Amino acid sequence: MQINLQEIVPDYISKDKVNKSQIWGKNLIINGGEHLHIVAPSGSGKTSLMHFIYGLRKDYTGNIFYDDGDIKKLSTEGFSSFRQNKISIIFQDMRLFENQTARENIEIKRVLDPYHPPQKIDEMAKRLGIEKKLSQSAKTCSYGEQQRIAIIRSLMQPFNFLLLDEPYSHLDESNRKKAMELIYEECKARNAAMVFADLKPIDFLMDEKVIYL
Amino acid sequence: MPLSYKNIEPLIISGKNTFSKWMGYFGLGIGVLMLLVSMQIFINIQQLLKENNPRKNGFDFISVSKNITNENMGKDNTFSRADLDKLSSFQGIEDIAPLIPNQFRVKATAGDIIPFSTDLFLESIDNSFIDTLPQSFTWQPGQLVVPIIFSSDFLEMYNVFAPAQGLPQLSEKTISSVNIFLECSGPKGAQNFKGNIVALSDRINSLLVPKSFMNWSNLYFTGDSLAHASRVFIKTKDANNPRLISFLENNNYHLNKDKIKFGRIKSILQNIVSALGILGILVIALALMLFSFYLQLMIAKSKDNLRLLLTLGYSPGWLAKSVVKTWLPVYIAIIVTALIITELLQILFLQLSFVNNADLSSMLHWSVLLIAILLLAVTVFINSGLVKKELSKII
């Protein structure tokens with residue numbers, strides 16, 4: 001299992017930025033089990049890169065291969081299956097169903113291809129300190145709580161790659177650590193690769209290959 | 001909780017936008033009912049009037065004679081060769097056949113069993129114009145038995161006056177066993193024959209004998225083989241063709257349309273029922289449009305939720321199927337209800353006093369069931385296609 005980025009250049013980015021980047025316009029292979037930490041300031045294309053890999057956007061040149069298959073060429077049904085059990089994501093903007101409860105938001109993802117039993121939701125919520133928020137609608141939760149709901153949702157499915165797009169932007173130090181431990185455990189259990197994008201290097205990350213975008 | 005539509009239902013069903021949905025369902029129900037009922041009535045009319053329809057292979061056969069007026073009374077009102085040529089050359093007339101009458105006297109008796117005696121007229125016509133032509137309808141010189149094709153109207157008339165005259169009534173089957181003795185006589189001679197009714201005709205009001213007998217006997221009894229027809233049968237695709245009618249009227253011909261009226265009534269009835277069916281199809285189309293507006297609105301309102309579901313990995317095919325499942329049971333219920341109502345109406349139809357045809361089934365015709373299934377398939381196809389199209393716009 002690997003993701004192969006071949007000379008990816010977003011359509012909108014300047015040549016100067018491409019030359020300075022360790023990813024844009026270069027070749028990069030992300031192998032199963034690998035931890036990659038992409039560091040870049042705001043506006044340099046972290047979210048774009050995540051969306052390119054997840055298949056949400058196609059406004060780039062170059063190719064992204066998942067094993068031997070070009071992600072750009074996946075059919076709509078192919079993308080569904082890709083997102084059900086090969087790749088998972090924590091969006092920077094969370095993307096929750098506002099009127100659904102926290103539990104419903106997580107369950108909607110879990111039932112697609114259940115990796116964990118429903119009880120695991122309670123267990124993870126307890127670890128991240130949001131067990132009392134599970135029956136509350138997402139829109140009434142704080143950003144930090146919504147971020148933890150989105151993290152648990154992303155861990156409910158089987159995956160070989162987990163994409164994290166500034167997943168801790170609204171979490172304090174203690175909650176970041178708890179969330180990170182949970183994510184490490186889940187990736188290890190699946191021998192999955194983790195691609196973590198953030199504004200600056202995070203000190204408690206372990207064994208990360210740090211790349212500057 | 002397994003993967004099911006219930007999980008995502010609150011994300012798709014949007015608010016109180018149900019007016020167009022229920023109007024769509026209602027319209028569909030009315031339209032389907034109209035279509036199915038009109039189809040079944042169409043088939044009923046077809047079956048009920050089948051046996052009485054003198055129209056054959058798409059042709060009308062009508063009798064034409066010259067109008068008898070005070071001015072031409074007593075004159076020769078038979079058709080000349082020129083008259084016949086003019087008739088046959090008219091566009092819209094496929095074929096003509098003159099009815100050749102007897103020129104000699106014919107007296108008929110029915111033997112000892114039925115004490116009945118009358119002067120008769122006989123006619124002959126081309127065999128191709130006879131609606132009920134048995135193989136036995138032939139005659140050769142020397143043959144003493146003459147086959148006769150009897151008008152079924154005459155039989156009906158006979159059965160009306162027979163009891164008052166102390167005569168037995170006759171069924172269609174027994175009439176063939178009645179012995180008719182024909183006493184033919186003319187200036188050149190006389191001879192007796194035995195007449196045998198071999199068939200009844202709905203089309204031709206006459207007593208028909210084979211042409212060979214008519215030609216032989218006219219010559220034999222009168223010495224004159226030139227018999228002129230007072231009536232001519234016309235074979236046409238449409239006896240109600242205005243051009244044909246005005247042509248005949250301009251030539252002062254009288255058109256006997258009695259025999260085609262039944263067929264015309266049937267045709268008018270079927271046209272009315274067909275119009276009802278077409279109206280049904282239009283109502284169905286309108287109902288489908290209304291329902292499609294509801295679906296489009298529903299998808300447009302749920303666009304953000306649907307997009308997020310697709311982002312999370314929900315398959316567009318599964319989502320489309322799930323949306324289809326919300327209205328499919330209602331559609332099936334509507335069509336099954338329409339079928340049940342049509343069946344009840346069919347049973348009621350059979351109770352009507354004028355319907356006494358044993359051939360008419362109380363069950364719906366298979367083609368009505370087939371149309372119901374086809375309708376279901378078409379509506380599912382159209383609506384699910386629409387849902388898929390709308391979803392693909394979101395991706």
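None of these values were measured; they are calculated from a predicted model. (Residues numbered from 1 in each chain as written. Chains lettered and ligands numbered in written order. Predicted model: local features only at pLDDT ≥ 70, side-chain atom pairs only at ≥ 80, totals over all residues.)

Along its length, chain B carries 10 helices and 11 strands. Of all 395 residues assigned to chain B, the portion counted as buried reaches 30%. Considering only intrachain contacts with a sequence separation of at least 6, the fraction spanning at least 24 residues in chain B is 82%. (Helix = DSSP H or I, 4+ residues; strand = E, 2+ residues; numbered from the N terminus. Buried ≥ 20, exposed ≤ 12 C-beta atoms within 10 Å, placed from the backbone. Contact = placed C-beta atoms within 7 Å.)

Moving on: the overall build of chain A. Across its full length, chain A holds seven helices and nine strands. Taken over 213 residues, chain A has a buried fraction of 40%. Here the contacts in chain A between residues at least 6 apart in sequence split such that 77% fall between residues at least 24 apart.

Nonpolar side chains in soluble globular proteins tend to end up buried together. By size, the foremost hydrophobic cluster in this structure holds 56 residues, and its most contacted members are Ile149, Ile152, Phe161, Leu162, Leu163, Met194 and Val195 of chain A. Sequence-distant contacts of Leu163 of chain A, that is, excluding residues within four places in its chain, are made with Met50, Ile53, Tyr54, Ile87, Ile89 and Val195 of chain A. (Core = buried A, V, L, I, M, F, W, Y, C linked by C-beta atoms within 7 Å.)

Moving on: helix α10 (residues 366–394) of chain B. Between its first and last C-alpha atoms α10 of chain B spans 42 Å; for 29 residues at 1.5 Å apiece the expected length is 42 Å, and the two agree. Those residues of α10 of chain B that fall on the buried side of the exposure criterion are Val368, Ala372, Leu375, Thr379, Asn383, Val387, Glu390 and Leu391 of chain B. (Expected span 1.5 Å × (residues − 1).)

Residues and elements named next belong to chain B. The geometry of helix α2 (residues 19–48) relative to helix α9 (residues 316–351) is characterised by a closest axis approach of 9 Å and an angle of 35 degrees between their N-to-C directions. When the axes of α2 and α9 are compared, the crossing they make is right-handed. Between α2 and α9, the residues in contact are Tyr25, Leu28, Gly29, Val32, Leu33, Leu36, Val37, Gln40 and Asn44 and Val330, Ile334, Ile335, Thr337, Ala338, Leu339, Ile341, Thr342, Leu345, Gln346 and Phe349, respectively. Residue composition of the contact of α2 with α9, by class: 14 nonpolar, six polar and no charged. (Axes fitted to C-alpha atoms, helices over the stretch in contact; angles between N-to-C directions. Left-handed = near helix turned anticlockwise from the far one by under 90°. Nonpolar A, V, L, I, M, F, W, Y, C, P; charged D, E, K, R; others polar.)

Here we come to the sheet that holds strand β1 (residues 2–10) of chain A. Strand order in this open sheet of four strands is β2-β1-β4-β5 (chain A), and the pairing throughout is antiparallel. The sheet terminates laterally at β2 (27–31) and β5 (69–70) of chain A, the two strands that pair on one side only. (Pairing = 2+ DSSP bridges.)

Now for the packing of helix α4 (residues 102–110) of chain A against helix α6 (residues 143–154) of chain A. Packed helix pairs are characterised by how far apart their axes lie and by the angle those axes make with each other. All names here are of chain A. With their axes 8 Å apart at the nearest point, α4 and α6 run at an angle of 25 degrees to one another. Between α4 and α6, the angle is such that the two are roughly parallel. By crossing handedness, the relation of α4 to α6 is classed as right-handed. Note on element contacts: α6 touches α4 through Ile149, Ile152 and Arg153, opposite Ala102, Asn105, Ile106 and Lys109. The residue makeup of the contact of α4 with α6, split by class, is four nonpolar, one polar and two charged. (Parallel < 35°, antiparallel > 145°, perpendicular 65-115°, else oblique.)

Residue and element names in this part refer to chain A. Strand order in the open sheet formed by five strands is β6-β7-β8-β3-β9, and the pairing between neighbours is parallel. Across the chains shown, the open sheet's two edge strands, defined by having one partner strand only, are β6 (87–90) and β9 (209–212). Strand-to-strand twist across the sheet, computed as the mean angle between neighbouring axes with direction ignored, equals 15 degrees. Relative to strand β8 (residues 193–198), strand β3 (residues 35–39) runs parallel, the two being bridged by five bridges. Each residue of the ladder has a partner; that of His37, found in β8, is Phe196. Packed on one face of the sheet, α6 meets β6 and β7 (161–165) and runs near 175 degrees to β6.

This part covers the pairing of β1 of chain A. All names here are of chain A. Two strands pair when backbone bridges link them, and β1 and β2 are joined in this way by five bridges, in the antiparallel orientation. Paired with Ile3 across the bridge in β2 is Ile30. Relative to strand β4 (residues 60–66), β1 runs antiparallel, the two sharing six bridges. Bridge pairing in β4 places Pro10 opposite Tyr60.

Take the interface of chain A and chain B next. The interface is formed by 14 residues belonging to chain A together with 16 residues belonging to chain B. At the level of elements, α3 (76–85) and α4 of chain A are the ones that each hand at least two residues to the side of chain A that touches chain B. For the side of chain A that touches chain B, the per-class residue count stands at six nonpolar, three polar and five charged.

This part is about the confidence of the model for chain A. In this model, chain A carries a mean pLDDT of 91, and residues with pLDDT of at least 70 account for 98%. Within chain A, the element-level pLDDT minimum falls on β9 of chain A, averaging 82, and the maximum on helix α5 (residues 119–127) of chain A, averaging 96. (pLDDT = per-residue confidence, 0-100.)

Right, let's get into unusual backbone geometry. Non-glycine residue Glu7 of chain A carries a positive phi angle of around 50 degrees. For Glu7 of chain A, the position within the fold is in strand β1. For Glu7 of chain A, a count of 15 C-beta atoms within 10 Å corresponds to the partly exposed category. In this structure, Asn252 of chain B is a non-glycine residue whose phi angle is positive, near 65 degrees.

Residue and element names in this part refer to chain A. Looking at the secondary structure, you find Ile38 in strand β3. Since 25 C-beta atoms lie within 10 Å of it, Ile38 is described here as buried. Along the primary structure Ile38 and Leu49 are separated by 11 residues, whereas in three dimensions their C-alpha atoms are 10.0 Å apart.

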